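Structural characterization, general
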Amino acid sequence: MAMMAAAAIPVMAQTAPSDTVKAQYPGGEAALKEYIEANRVYPAAAKRNGIEGIVDVRFIVKTDGAREQISIVRLVDPDLEAEAIRLVKDMPAWTPATVGGKPVDSESTVTVEFLM
(Lines give C-alpha, C1' and ligand atoms only; values in the text may rest on other atoms or scores of the structure.)
Protein backbone atom coordinates (compact mmCIF):
# COMPACT_ATOMS: atom_id res chain seq x y z
CA MET A 1 0.00 0.00 0.00
CA ALA A 2 1.49 3.34 -1.04
CA MET A 3 1.51 6.24 1.37
CA MET A 4 1.13 9.82 0.24
CA ALA A 5 2.76 12.71 1.99
CA ALA A 6 1.19 16.14 1.96
CA ALA A 7 3.32 19.23 2.04
CA ALA A 8 2.01 22.50 3.38
CA ILE A 9 2.45 25.25 0.83
CA PRO A 10 2.16 28.72 2.27
CA VAL A 11 -0.40 30.87 0.49
CA MET A 12 0.11 34.60 0.50
CA ALA A 13 -3.06 36.62 0.91
CA GLN A 14 -3.43 39.10 -1.87
CA THR A 15 -3.71 42.61 -0.61
CA ALA A 16 -5.05 45.55 -2.56
CA PRO A 17 -2.41 48.00 -3.72
CA SER A 18 -2.35 51.23 -1.75
CA ASP A 19 -3.55 53.11 -4.85
CA THR A 20 -6.82 51.14 -4.93
CA VAL A 21 -10.08 52.95 -4.20
CA LYS A 22 -13.27 50.92 -3.62
CA ALA A 23 -16.45 51.55 -5.61
CA GLN A 24 -19.02 53.61 -3.78
CA TYR A 25 -22.53 54.93 -4.01
CA PRO A 26 -22.52 58.61 -5.03
CA GLY A 27 -22.35 60.61 -1.84
CA GLY A 28 -21.00 57.70 0.20
CA GLU A 29 -22.48 55.41 2.82
CA ALA A 30 -24.84 57.99 4.35
CA ALA A 31 -26.34 58.79 0.93
CA LEU A 32 -26.78 55.07 0.25
CA LYS A 33 -28.72 54.63 3.49
CA GLU A 34 -30.89 57.64 2.61
CA TYR A 35 -31.57 56.20 -0.86
CA ILE A 36 -32.64 52.85 0.59
CA GLU A 37 -34.87 54.45 3.23
CA ALA A 38 -36.52 56.78 0.69
CA ASN A 39 -37.06 54.16 -2.03
CA ARG A 40 -37.62 50.83 -0.25
CA VAL A 41 -41.16 49.53 -0.57
CA TYR A 42 -42.03 46.84 1.97
CA PRO A 43 -43.83 44.11 -0.03
CA ALA A 44 -47.47 43.94 1.08
CA ALA A 45 -47.62 40.14 1.35
CA ALA A 46 -44.45 40.02 3.45
CA LYS A 47 -45.73 42.80 5.69
CA ARG A 48 -49.13 41.12 6.06
CA ASN A 49 -47.44 37.84 7.01
CA GLY A 50 -45.02 39.48 9.45
CA ILE A 51 -41.96 38.54 7.41
CA GLU A 52 -38.84 40.51 8.29
CA GLY A 53 -35.24 40.06 7.32
CA ILE A 54 -31.97 41.41 6.09
CA VAL A 55 -31.19 40.87 2.41
CA ASP A 56 -27.60 41.15 1.19
CA VAL A 57 -27.30 41.93 -2.52
CA ARG A 58 -24.00 41.36 -4.32
CA PHE A 59 -23.20 42.92 -7.69
CA ILE A 60 -20.42 44.06 -9.98
CA VAL A 61 -19.85 47.80 -10.33
CA LYS A 62 -18.66 48.32 -13.90
CA THR A 63 -16.17 50.99 -14.95
CA ASP A 64 -19.09 53.23 -16.00
CA GLY A 65 -20.83 52.81 -12.60
CA ALA A 66 -23.52 50.44 -13.89
CA ARG A 67 -24.46 47.44 -11.74
CA GLU A 68 -24.40 43.95 -13.27
CA GLN A 69 -24.54 40.33 -12.14
CA ILE A 70 -26.89 41.22 -9.30
CA SER A 71 -27.49 38.31 -6.93
CA ILE A 72 -28.77 37.60 -3.46
CA VAL A 73 -26.20 36.56 -0.87
CA ARG A 74 -28.55 35.98 2.05
CA LEU A 75 -31.92 34.42 1.14
CA VAL A 76 -34.84 35.51 3.29
CA ASP A 77 -38.11 35.71 1.33
CA PRO A 78 -38.72 35.95 -2.43
CA ASP A 79 -40.71 39.20 -2.14
CA LEU A 80 -38.07 40.88 0.03
CA GLU A 81 -35.31 39.67 -2.30
CA ALA A 82 -37.12 40.99 -5.39
CA GLU A 83 -37.51 44.40 -3.74
CA ALA A 84 -33.83 44.50 -2.73
CA ILE A 85 -32.80 43.68 -6.32
CA ARG A 86 -35.14 46.39 -7.64
CA LEU A 87 -33.50 48.93 -5.34
CA VAL A 88 -30.03 48.05 -6.61
CA LYS A 89 -31.13 48.09 -10.27
CA ASP A 90 -32.77 51.51 -9.84
CA MET A 91 -29.81 53.14 -8.06
CA PRO A 92 -27.97 55.94 -9.79
CA ALA A 93 -24.59 55.04 -11.28
CA TRP A 94 -21.93 54.30 -8.68
CA THR A 95 -18.46 55.77 -8.62
CA PRO A 96 -16.36 52.84 -9.87
CA ALA A 97 -13.37 51.41 -8.07
CA THR A 98 -10.00 52.57 -9.31
CA VAL A 99 -6.53 51.09 -9.36
CA GLY A 100 -3.76 53.53 -10.09
CA GLY A 101 -6.37 56.15 -10.92
CA LYS A 102 -7.99 54.00 -13.64
CA PRO A 103 -11.57 52.69 -13.26
CA VAL A 104 -11.90 48.92 -12.85
CA ASP A 105 -14.82 46.51 -12.44
CA SER A 106 -15.29 45.46 -8.82
CA GLU A 107 -17.64 43.56 -6.56
CA SER A 108 -19.78 45.29 -3.97
CA THR A 109 -22.52 44.31 -1.53
CA VAL A 110 -25.49 46.29 -0.23
CA THR A 111 -27.57 45.30 2.80
CA VAL A 112 -31.29 46.04 2.72
CA GLU A 113 -33.18 45.70 5.99
CA PHE A 114 -36.89 44.90 6.11
CA LEU A 115 -37.97 45.40 9.70
CA MET A 116 -41.42 46.36 10.94
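Predicted, not measured: the structure shown is a model, and the values here were computed from it. (Residues numbered from 1 in each chain as written. Predicted model: local features only at pLDDT ≥ 70, side-chain atom pairs only at ≥ 80, totals over all residues. Heavy atoms only, no water.)

1. Some thoughts on the overall build of the protein
Just so we agree on the cut-off: Here a helix means four or more residues in a row that DSSP labels H or I, a strand means two or more in a row labelled E, and each is numbered from the N terminus. Residue exposure (1.4 Å probe, protein chains only): buried if accessible area is under 20% of the type maximum, exposed if over 50%, otherwise partly exposed. Computed with the Shrake-Rupley method and a 1.4 Å probe, the accessible areas treat only the protein chains shown as cover for residues.
A tally of regular secondary structure across the protein gives three helices and six strands. Listing the helices and strands of the protein from first to last along the sequence gives β-α-α-β-β-α-β-β-β. When each of the 116 residues of the protein is scored for burial, the buried share is 32%. Summed over all atoms, the accessible surface of the protein reaches about 7,900 Å², with 55% contributed by carbon and sulfur.

2. Notes on the side chain of Glu83
As a reminder, the rule being used: Note on contacts: a residue pair is in contact if any heavy atoms of the two residues lie within 4.5 Å.
Counting through the fold element by element, Glu83 comes out in helix α3 (residues 78–90). Apart from the residues lying within four places of it in its own chain, the contact partners of Glu83 are Asn39, Arg40, Val41, Pro43 and Phe114.

3. Details of the sheet that holds strand β2 (residues 53–61)
Strand pairing in a sheet relies on backbone hydrogen bonds. The paired strands run either parallel or antiparallel. We count it as follows: By this definition, two strands are paired if DSSP reports at least two bridges between them. Axes, fitted as lines to C-alpha atoms, cover a helix only where it is in contact. Angles between the N-to-C directions of the axes lie from 0 to 180 degrees.
Overall, antiparallel pairing links the three strands, which are arranged β3-β2-β6 in an open sheet. The open sheet has two free edges, formed respectively by β3 (67–72) and β6 (106–114), since each of these has just one partner strand. On average, adjacent strands in this sheet sit at an angle of 25° to one another, irrespective of strand direction. In this structure, β2 lies alongside β6, joined through nine bridges in antiparallel fashion. The partner of Ile54 across the bridge, within β6, is Glu113.

4. Quick look at helix α1 (residues 28–39)
The periodicity of an α-helix, 3.6 residues per turn, causes residues three or four places apart in sequence to face the same way. This is how it is decided: By this rule the span expected of a helix is its residue count minus one, scaled by 1.5 Å. Working note: the arc is built from the helix axis to C-beta atom directions.
With twelve residues, α1 should reach 16 Å at 1.5 Å per residue; the first-to-last C-alpha distance of 17 Å fits that figure. Among all positions in α1, only Gly28, Ala31, Leu32, Tyr35 and Ile36 are buried. One side of α1 holds all its buried residues, which, seen down the axis, span an arc of 140°. Counted as exposed and oriented over 90 degrees from the buried face of α1: Glu29, Lys33, Glu34, Glu37 and Ala38. On its buried side, α1 packs onto α3 and β6.

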